[in-house]
Amino acid sequence: MTVTIVGAQLGDEGKGGIVDVYGDAADIVVRYQGGDNAGHTVVHEGDEYKLSLVPSGAVRGKVGILGNGCVVNPETLFNELSGLRERGLDPDVRVARRAHVIMPYHRALDGIEEKAKSESDDEIGTTGRGIGPTYEDKAGRRGIRVGDLLAPDVLRDRLERVVPEKRAIVEDVFGVPVEDLDNPDALDVDAMYDHARTYGERLAGQTVNAGQFIADARSEGKRVMFEGAQGTIIDIDHGNYPFVTSSNPTAGGAAVGSGTSPGVVGQGEVLGIIKGYLTRVGSGPMPTELGGVEGDTPGYGEQGSGENEEIATYIREEGGEYGTVTGRPRRVAWLDMPMLRHSARVNGFTGLAINHIDVLAGLDEVKVGHSYTLDGEETMTMPATTEEWSRCEANLRSFDGWAAFDSAAVAEDGYEAIPDNARAYLEYVSEELDTPIYCVGVGPGREETVVAEDVW
């Protein structure tokens, strides 16, 4: 039995919390893509844990795997593991030998490239952690894999090829003197070799052939949960390109990024995680946007009116809508149904988890983008290109708001205890996506989740 956790929006949907809700019955939790740009916040037994790389199941004592679809910064990994141990946990995290390694030169290039793009207003809004450049090297067949850290001769050969290329890009393409970098050693072969070998020695006891490890576990009857990072709408193939991440957060990525077959993923549950409204950090269209934040590219839709900006601020503050990794305030929008219809089709959701219903409590009216108008025609799903999406105007539907409620009491009493107007809102989403609701987040803690269906 497998369960795949997929973000249905632009990330920040509360995936880590849902892993925590259902993860108690799992034996293994596998991150199948992304790097340490993925912020997951888990609240367990009253304690809050902010993770960017370690699989969320580690908080509950589950075996964690960083799959071959991930890009791994060893420094981040060891810092997070140390932080968890300092808080009394004993995390068991394995790393796929086929996963690629984020090297210091990737981080240096990420910052240089994003700065260059900002000068022409083409910045993507990356976290600057080297994710994109590492995936570029992976696709260009010049990457360093975790297994290479354990093979000194292979590692040396790879670095002697790639580091001079990176130096030439920095100096000749971007015109940046190496000595002006924060870390000039990032473009020194010997320094990078010593850096990588040190981490290879530390990783030696944690590396696995991930696909085989998972297959063996399943043959023993163990339950596996696949945990995606980010969300469907920033999937590099199915998102609003180029404002996307460099990997596949969609359900298909669970197979590719873990070494399991599509049949294994498809025969299990695929749980789409939705926030009861919409947020994003950085640039890109948002047809249902209520209000942006200073420094972001102007949004679309309703942004700009005083009333909408007030609602956006209310939701941002009530929901703590600031990036887990970056701390940046998130742009806020109403729920976008054309986006969710696209996500449901791409992923094949078997169930929905809808979070942060409590954040909307207290509003007189809650709106939803039911459809778009594009070039005078109504459309029910996202167009294929970002340029078309930016021309979409949201057609809004209104729902009566609901008063604040006792989250713990509602979670204990079950689905029928959710306020009537909130249930009408939830059931609209379920009907539009033709997918049942498995659970509803009514507060930040694991115990503040209404579980309507056990995915196992």
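Note: the structure precedes this text.
Residues numbered from 1 in each chain as written. Predicted model: local features only at pLDDT ≥ 70, side-chain atom pairs only at ≥ 80, totals over all residues. Heavy atoms only, no water.

## Section: the environment of V59
Tracing the sequence through the fold places V59 in the loop between β4 (47–51) and β5 (63–66). Along the chain, V59 and V178 lie 119 residues apart, while their C-alpha atoms are 40 Å from each other. Setting aside residues up to four positions removed in sequence, V59 forms contacts with V42, H44, Y49, L51 and L89. (Helix = DSSP H or I, 4+ residues; strand = E, 2+ residues; numbered from the N terminus. Contact = heavy atoms within 4.5 Å.)

## Looking at the packing of helix α11 (residues 337–347) against helix α14 (residues 420–433)
Contact geometry for α11 and α14: axes closest at 10 Å, N-to-C directions at 50°. Taken together, the axes of α11 and α14 are oblique relative to one another. Judged by the sense of rotation from one axis to the other, the crossing of α11 with α14 is right-handed. In contact with M337, L340, R341 and A344 of α11, α14 contributes Y428, V429, E432 and L433. (Axes fitted to C-alpha atoms, helices over the stretch in contact; angles between N-to-C directions. Parallel < 35°, antiparallel > 145°, perpendicular 65-115°, else oblique. Left-handed = near helix turned anticlockwise from the far one by under 90°.)

## What to know about the pairing of strand β17 (residues 365–374)
In terms of residue burial, β17 counts as a mostly covered element, since seven of its ten residues are buried. Two elements, strand β15 (residues 335–336) and β17, share two bridges in a ladder whose sense is parallel. When the sheet's bridge partners are listed, D336 is paired in β17 with G369. Of the strand pairs in this sheet, β17 and strand β19 (residues 393–400) are connected by eight bridges, and their pairing is antiparallel. Counted as the bridge partner of V368 is R397 from β19. Pairing of β17 with strand β18 (residues 377–379), which is carried by three bridges, proceeds in the antiparallel orientation. (Buried < 20%, exposed > 50% of the residue type's maximum accessible area, 1.4 Å probe, protein only. Pairing = 2+ DSSP bridges.)

## Some details on helix α4 (residues 131–139)
Listing the buried residues of α4 in full gives I131, G132, P133, T134, Y135 and D137. R141 sits one or two positions beyond α4 and adopts a positive phi of about 60°.

## Structural notes on the nonpolar core
Formed by 98 residues in total, the largest nonpolar core has its most connected members in L77, Y105 and L159. Excluding residues that lie within four positions of it along the chain, L77 makes contacts with L53, V54, L66, V72, V93, V95 and L203. Membership of the second largest hydrophobic core comes to 16 residues, among which are I5, V29, L271 and V455. (Core = buried A, V, L, I, M, F, W, Y, C linked by side-chain atoms within 4.5 Å.)

## Looking at the sheet that holds β5
Pairing between the strands of a sheet comes from backbone hydrogen bonds, and it takes one of two forms, parallel or antiparallel. In spatial order, the strands read β9-β7-β5-β2-β10-β1-β11-β16-β20-β21; together these ten strands make up an open sheet with mixed pairing. Two strands bound the open sheet, and with one partner strand each, they are β9 (207–208) and β21 (449–451).

## Concerning the sheet that holds strand β14 (residues 331–333)
Within the open sheet, the three strands sit side by side as β12-β14-β13. Their pairing is antiparallel. Taken across any chain shown, the strands that pair with only one partner, and hence form the sheet edges, are β12 (278–280) and β13 (289–291). With direction set aside, neighbouring strand axes in the sheet form an average angle of 35°. Relative to β14, β13 is paired through two bridges, and the arrangement is antiparallel. Bridge pairing in β14 links G291 to V332.

## Regarding the environment of C392
Residue placement: C392 occurs in the loop between α12 (386–390) and β19. Judged by relative accessible area, which is 3%, C392 ranks as buried. Aside from chain neighbours lying at most four places away, what touches C392 is P287, Y372, T373, L374 and P383.

## Description of the pattern of salt bridges
Under the counting rule described, the total for this entry stands at 24 salt bridges. Across the pair R330 and D12 runs a salt bridge whose closest N-O atoms are separated by 3.1 Å. One end of the pair, R330, is in the loop between α10 (306–319) and β14; the other, D12, is in the loop between β1 (2–7) and α1 (15–22), with 318 residues separating them in the sequence. A relative accessible area of 6% places R330 in the buried class. Exposure remark for D12: the relative accessible area of 25% places this residue in the partly exposed category. For K15, the salt bridge identified is with E13, shortest N-O distance 2.8 Å. The burial state of K15 is the same as that of E13; both residues are buried. Look at the salt bridges and you will find they share partners, linking D12, K275, E321 and R330 into a network. (Salt bridge = Lys/Arg side-chain N within 4 Å of Asp/Glu carboxyl O.)

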